[in-house]
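Here are the chains, one letter per residue:
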Amino acid sequence: MMNRFILPLGVFVLLAAVLYVGVKNSPDREHLRSVLIGKPAPQFTLPDLLKPGATLSNTQFKGKPYLLNVWGTWCVTCRVEHPMLMQLSQKQDVPIIGLNWKDEDDSLAHEWLKEFGNPYTAIAQDKPGREAINWGVTAAPETFLVDANGVVQYRLAGAMTPEIWEREFLPRIQGKQPVSR
Amino acid sequence: MRAFFLSLLLALSATTALAIDITQFDDPAKQEQYLRLTHELRCMQCLNTSIADSQVDLAADLRKEVRDLVNEGKTDDEIRKYMVDRYGEFILFRPLTNARNMWLWLAPVIFLVIGAIVAVRILRQRAKLVDQDDEPIEGDTGR
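Every value quoted in this text rests on a predicted model; they were computed, and no experiment measured them.

Enquirer: For the overall build of chain B, give the residues involved together with the corresponding values.
Expert: Tallying secondary structure elements over chain B gives 5 helices and 0 strands in all. Secondary structure elements in chain B, listed N-terminal to C-terminal, are α-α-α-α-α. Within chain B, the fraction of its 143 residues that count as buried is 15%. Taking the intrachain contacts of chain B between residues at least 6 apart in sequence as the baseline, contacts between residues at least 24 apart amount to 43%.

In structure tokens, the structure reads:
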């Protein structure tokens, strides 16, 4: 009599295990791992927002770790994130390079920086949005950590917070393994 | 009443028209390739919508990227790889057929086989029951 239940029970346990693992490891949008991690950062030469007429290339930052922060004046979360970037720039652990993503009008970005301050060492302009695609950007803000060898170490989708900075960015910048979640 | 339905129909078709992408190619083969690819690439911002059907800015940028790659004469696989290199396999609605994804492709077949085995066993048992069921039930005088 017990035999009748062994097979369905086995199937149930197996299915439950598969679903449990699947749900546990299911990447929600915020935590999708960037495929760029461990790979050389895409190289760009783009118009320099702060020096009209000049271009900015990220190859010039090689040799030291840097952050690439993707932002736009149309992006609400970027505004929420901005004070945190200001704090980071004052600490000067690492230069922050801005990628001004799809801001049609330069004056909007200039006004933004004037009003909220400029945390960026330099800002590259990506009006057509092509460079953002090379970095696999899904939505602003996103922050990439590129190490001294020009290799992408981490990608944060969403606003930077003190907790995320300390948990994910600082250990990687200091060459330590981050505490896993 | 008729006018109401007509205007409703018009209003509905207007919203679908917005989603239609007007990108045109001289070469019909390229047009077909473009349509095929934009329908199988995921809009990473909206989820469960292809870049062909999404009105999000990023989807428009990705369509432009596909258009340019198609114009450069890239093959389907080259364009898929270009996107996967940037956004990961998640951007493909149809998972790649590689060793890691094999279980994904084989699972439906495996489940079908299990289902077939179970169905056959049940049917055989039932058939046996009917064979044995020739004794009249006590008190049943028949119809």
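Enquirer: So what about the confidence of the model for chain B? Which residues, and what values?
Expert: With 78% of its residues at a pLDDT of at least 70, chain B reaches an overall mean of 84. As scored by the predictor, the complex reaches a pTM of 0.78 and an ipTM of 0.80.

Enquirer: So what about the nonpolar core? Which residues, and what values?
Expert: Counting 52 residues, the largest nonpolar core has Leu68, Val70 and Ile97 of chain A as the members making the most contacts within it. Those residues in contact with isoleucine 97 of chain A that sit more than four places away from it in its chain are Asn58, Phe61, Tyr66, Leu67, Leu68, Tyr120, Thr121, Ala122 and Ala124 of chain A.

Enquirer: How would you explain the interface of chain B and chain A if you had to name every residue and give the values?
Expert: Chain B puts 12 residues into the contact, and the matching count from chain A is 10 residues. For the side of chain B that touches chain A, the secondary structure elements donating two or more residues are helix H3 (57-71) and helix H4 (76-87) of chain B. Of the residues forming the side of chain B that touches chain A, the biggest block, 4 residues, is contributed by H3 of chain B. Residues belonging to the side of chain B that touches chain A are distributed by class as follows: 5 nonpolar, 2 polar and 5 charged.

Enquirer: Lay out the pairing of strand S7 (residues 152-157) of chain A in plain terms, naming residues and giving numbers.
Expert: Residues and elements named next belong to chain A. Where strand S6 (residues 142-146) meets S7, 5 bridges bridge the pair, whose relative direction is antiparallel. Bridging across to S7, leucine 145 finds its partner in tyrosine 154. Hairpin connection of S6 to S7: 5 residues between the antiparallel strands, including glycine 150 at a positive phi of 80°.

Enquirer: A description of helix H2 (residues 76-91) of chain A should follow, citing residues and the corresponding values.
Expert: All names here are of chain A. Residue histidine 82 marks the point of greatest curvature in H2, where the axis turns by about 40°; the proline proline 83 follows within four residues. Inspection of H2 places Cys78, Glu81, His82, Leu85 and Leu88 among the buried residues, and these make up the whole buried set. Lining the buried residues of H2 we find strand S3 (66-71), strand S4 (96-101), helix H3 (106-116) and helix H5 (162-173). Two residues or fewer after H2 comes glutamine 92, characterised by a positive phi angle close to 55°.

Enquirer: Outline the packing of helix H2 (residues 28-40) of chain B against H3 of chain B, supporting the account with residue identities and numerical values.
Expert: Residues and elements named next belong to chain B. Running from N to C, H2 and H3 point in directions that differ by 145°, and their axes come no closer than 10 Å. Every pair of crossing elements has a handedness; the one defined by H2 and H3 is right-handed. Facing Lys30, Gln33, Tyr34, Leu37 and Thr38 of H2, the residues of H3 in contact are Arg63, Val66, Arg67 and Val70. Looking at the contact of H2 with H3, its residues break down into 4 nonpolar, 2 polar and 3 charged.

Enquirer: Which residues make up the pairing of S4 of chain A, and what are the values?
Expert: Residue and element names in this part refer to chain A. Along S4, 6 of the 6 residues are buried, which leaves the element largely enclosed by surrounding structure. Residues Ile96, Gly98 and Asn100 of S4 are buried on one face, and the alternating residues Ile97, Leu99 and Trp101, pointing to the opposite face, are buried as well. Relative to S4, S3 runs parallel, the two being bridged by 5 bridges. From the neighbouring strand, valine 70 faces S4, where its bridge partner is leucine 99. A crossover connection joins S3 to the parallel S4 through H2; in handedness this β-α-β unit is right-handed. Pairing between S4 and strand S5 (residues 122-126): 5 bridges, direction parallel.

Enquirer: Tell me about the environment of glycine 53 of chain A, and please be specific about residues and values.
Expert: Residues and elements named next belong to chain A. You can see glycine 53 is positioned in the loop between strand S1 (45-47) and strand S2 (55-57). Looking at glycine 53, the number of C-beta atoms within 10 Å reads 6, which means it is exposed. Distance from glycine 53 to threonine 161, taken between C-alpha atoms, is 34 Å for residues 108 residues apart in sequence.

Enquirer: Describe in detail the domain arrangement of chain B, supporting the description with residues and values.
Expert: You can read the domains of chain B as domain 1 (21-94) and domain 2 (97-130). For domain 1 of chain B and domain 2 of chain B, the distance between their C-alpha centres works out to 36 Å.

Enquirer: If you had to explain unusual backbone geometry to someone new, which residues and values would you point to?
Expert: Residues and elements named next belong to chain A. A cis geometry characterises the amide bond from alanine 140 onward to proline 141, with omega recorded as -10°. Tracing the sequence through the fold places proline 141 in the loop between helix H4 (130-134) and S6. One non-glycine residue, lysine 102, lies in the positive phi region at around 55°. The topology assignment puts lysine 102 in the loop between S4 and H3.

Enquirer: A description of the sheet that holds S6 of chain A should follow, citing residues and the corresponding values.
Expert: Residues and elements named next belong to chain A. Across the sheet, which stays open at both edges, the 5 strands sit in the order S5-S4-S3-S6-S7 with mixed pairing between neighbours. The sheet terminates laterally at S5 and S7, the two strands that pair on one side only. Going from strand to strand, the sheet's axes swing by 20° on average, the running direction of each strand aside. Direction of pairing for S3 relative to S6: antiparallel, over a ladder of 5 bridges.

Enquirer: Go over H3 of chain B, please, and point to the residues and values.
Expert: In this model H3 of chain B runs 21 Å from its N-terminal to its C-terminal C-alpha over 15 residues, within 8% of the 21 Å that 1.5 Å per residue would give. Of the residues making up H3 of chain B, those classed as buried are Leu58, Ala59, Leu62, Arg63, Glu65, Val66 and Val70 of chain B. With its buried residues spanning 160° around the axis, H3 of chain B presents them on a single face. On the buried face of H3 of chain B, the contacting elements are H4 of chain A together with H2 and H4 of chain B. Backbone geometry just downstream of H3 of chain B places glycine 73 of chain B in the positive-phi region, at approximately 85°.

Each value, and the rule that gives it
- Residues numbered from 1 in each chain as written.
- Chains lettered and ligands numbered in written order.
- Predicted model: local features only at pLDDT ≥ 70, side-chain atom pairs only at ≥ 80, totals over all residues.
- Helix = DSSP H or I, 4+ residues; strand = E, 2+ residues; numbered from the N terminus.
- Buried ≥ 20, exposed ≤ 12 C-beta atoms within 10 Å, placed from the backbone.
- Contact = placed C-beta atoms within 7 Å.
- pLDDT = per-residue confidence, 0-100.
- Core = buried A, V, L, I, M, F, W, Y, C linked by C-beta atoms within 7 Å.
- Nonpolar A, V, L, I, M, F, W, Y, C, P; charged D, E, K, R; others polar.
- Pairing = 2+ DSSP bridges.
- Bend = angle between axes of the 7 residues up to and from the residue.
- Axes fitted to C-alpha atoms, helices over the stretch in contact; angles between N-to-C directions.
- Left-handed = near helix turned anticlockwise from the far one by under 90°.
- Right-handed = clockwise from strand over helix to strand, strands pointing away.
- Domains from an automatic or database assignment.
- Expected span 1.5 Å × (residues − 1).
- Arc of directions from axis to C-beta.

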